[in-house]
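Each chain, letter by letter, is given below.
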Amino acid sequence: VAQFRLGRIEAALEDYRRAQQLDPRGVWVHVAVAEAYAQSGRLEEALMEIRKALAEQPRDPWALQHEGSILLAMNRVREAMLATRRGLDQDPNSADLRLLLGRVLLRLGNQAEAATAFETAARLAPAMAEPALDLAELSLNMGKRDEARAVLTRLLAREDLAEAPRAKAAALLASLGK
């Protein structure tokens, strides 16, 4: 994990391969390897790896969420929707899956349902910044400047907001002007 966080993707993959030898049926190992592949832009390999996790545990919502994210990154939107829906069938209260659902719906052109999914994700995991940021961006794109401003102002008022989402929220708010 440390190698991965330091951006040493190949070293992380080697560490994960060793972990796979110790725990070949471990879903977490397959998900970690898939994340490393995806991070390095190797989406086909990431998809193959996440499907190994799903072969072990086909209803694992965490693995299904990763499959959906990878498929969305590959622009295989309908397949991403299927994986996301299967994950939500297993864990309807997953904020990560609700966030992914919003992103898939947005790619399918369904802005209203995407907004609802982002709102639900934000309600389920108030500490997550991504649903609020996605909702603010969507509101901006829909011309709902006041809604975007309100979401961003609430987000920026949080003391626990990390630097990267804070910078993004501040930039979006600045783009609104006065």
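To be clear, the structure that these remarks concern was listed above.
Residues numbered from 1 in each chain as written. Predicted model: local features only at pLDDT ≥ 70, side-chain atom pairs only at ≥ 80, totals over all residues. Heavy atoms only, no water.

A. Just the overall build of the protein chain, in detail. Helix and strand counts for the protein chain come out as eleven helices and zero strands. In sequence order, the secondary structure elements of the protein chain are arranged as α-α-α-α-α-α-α-α-α-α-α. Restricting to contacts in the protein chain with at least 6 residues of sequence separation, those with at least 24 account for 45%. Working note: accessible area of the protein chain is about 9700 Å², and carbon and sulfur atoms make up 51% of it. (Helix = DSSP H or I, 4+ residues; strand = E, 2+ residues; numbered from the N terminus. Contact = heavy atoms within 4.5 Å. Areas by Shrake-Rupley, 256 points an atom, 1.4 Å probe, with all protein chains shown as cover.)

B. Structural detail: the nonpolar core. Within the largest apolar cluster, 50 residues are counted, with the highest numbers of intra-cluster contacts made by Ile 50, Ala 63, Ile 70, Val 104, Leu 133, Leu 152 and Leu 155. A per-element tally of this core places helix 7 (residues 95-107) first, with seven residues. Not counting residues up to four positions away in its chain, the partners in contact with Val 104 are Leu 72, Val 77, Ala 80, Met 81 and Thr 84. (Core = buried A, V, L, I, M, F, W, Y, C linked by side-chain atoms within 4.5 Å. Buried < 20%, exposed > 50% of the residue type's maximum accessible area, 1.4 Å probe, protein only.)

C. Expanded view of the packing of helix 7 against helix 8 (residues 111-124). Contact geometry of helix 7 with helix 8 gives a least axis separation of 8 Å together with a crossing angle of 165 degrees. Comparing their axes, helix 8 and helix 7 come out roughly antiparallel. When the axes of helix 7 and helix 8 are compared, the crossing they make is left-handed. Contacts between helix 7 and helix 8 pair Ala 95, Arg 98, Leu 99, Leu 101, Gly 102, Arg 103, Leu 105 and Leu 106 from the former with Gln 111, Glu 113, Ala 114, Ala 117, Phe 118, Thr 120, Ala 121 and Leu 124 from the latter. Tallied by class, the residues present in the contact of helix 7 with helix 8 amount to ten nonpolar, three polar and three charged. (Axes fitted to C-alpha atoms, helices over the stretch in contact; angles between N-to-C directions. Parallel < 35°, antiparallel > 145°, perpendicular 65-115°, else oblique. Left-handed = near helix turned anticlockwise from the far one by under 90°. Nonpolar A, V, L, I, M, F, W, Y, C, P; charged D, E, K, R; others polar.)

D. Just the environment of Ala 127, in detail. Inspection of the secondary structure puts Ala 127 in the loop between helix 8 and helix 9 (130-141). Separated by 34 residues in the primary sequence, Ala 127 and Leu 161 place their C-alpha atoms 8.1 Å from one another.

E. Examining helix 10 (residues 145-156) more closely. For helix 10, built from twelve residues, the straight-helix expectation of 16 Å at 1.5 Å per residue is met to within 8% by its first-to-last C-alpha distance of 16 Å. Looking only at helix 10, the buried set comprises Ala 148, Val 151, Leu 152 and Leu 155. The arc that holds the buried residues of helix 10, viewed along the axis, is 95 degrees, so those residues lie on one side. The outward face of helix 10, more than 90 degrees from its buried face, is lined by the exposed residues Asp 146 and Arg 154. Where the residues of helix 10 are buried, they touch helix 9 and helix 11 (163-176). (Expected span 1.5 Å × (residues − 1). Arc of directions from axis to C-beta.)

F. Broad picture of the environment of Ala 46. Summarising the element assignment, Ala 46 is placed in helix 4 (residues 43-56). Apart from the residues lying within four places of it in its own chain, the contact partners of Ala 46 are Ala 34, Tyr 37, Ala 38 and Ile 70.

G. Spatial organisation of the side chain of His 30. For His 30, the position within the fold is in helix 3 (residues 27-39). Taking the relative accessible area as the measure of exposure, His 30 reaches 5% and is therefore buried.

H. The arrangement of helix 7 in detail. The end-to-end C-alpha distance of helix 7 is 18 Å, a good match for the 18 Å that 13 residues give at a rise of 1.5 Å each. Among all positions of helix 7, only Ala 95, Leu 97, Leu 99, Leu 100, Leu 101, Gly 102, Val 104 and Leu 105 are buried. For helix 7, the secondary structure elements touched by its buried residues are helix 5 (61-73), helix 6 (77-90), helix 8 and helix 9. The first or second residue beyond helix 7 is Gly 109, which carries a positive phi of 90 degrees.

I. A look at the side chain of Thr 84. Mapping Thr 84 onto the fold places it in helix 6. You can call Thr 84 buried: its relative accessible area is 0%. The residues touching Thr 84, leaving out its near neighbours within four places in the chain, are Gly 68, Leu 97, Leu 100, Leu 101 and Val 104.

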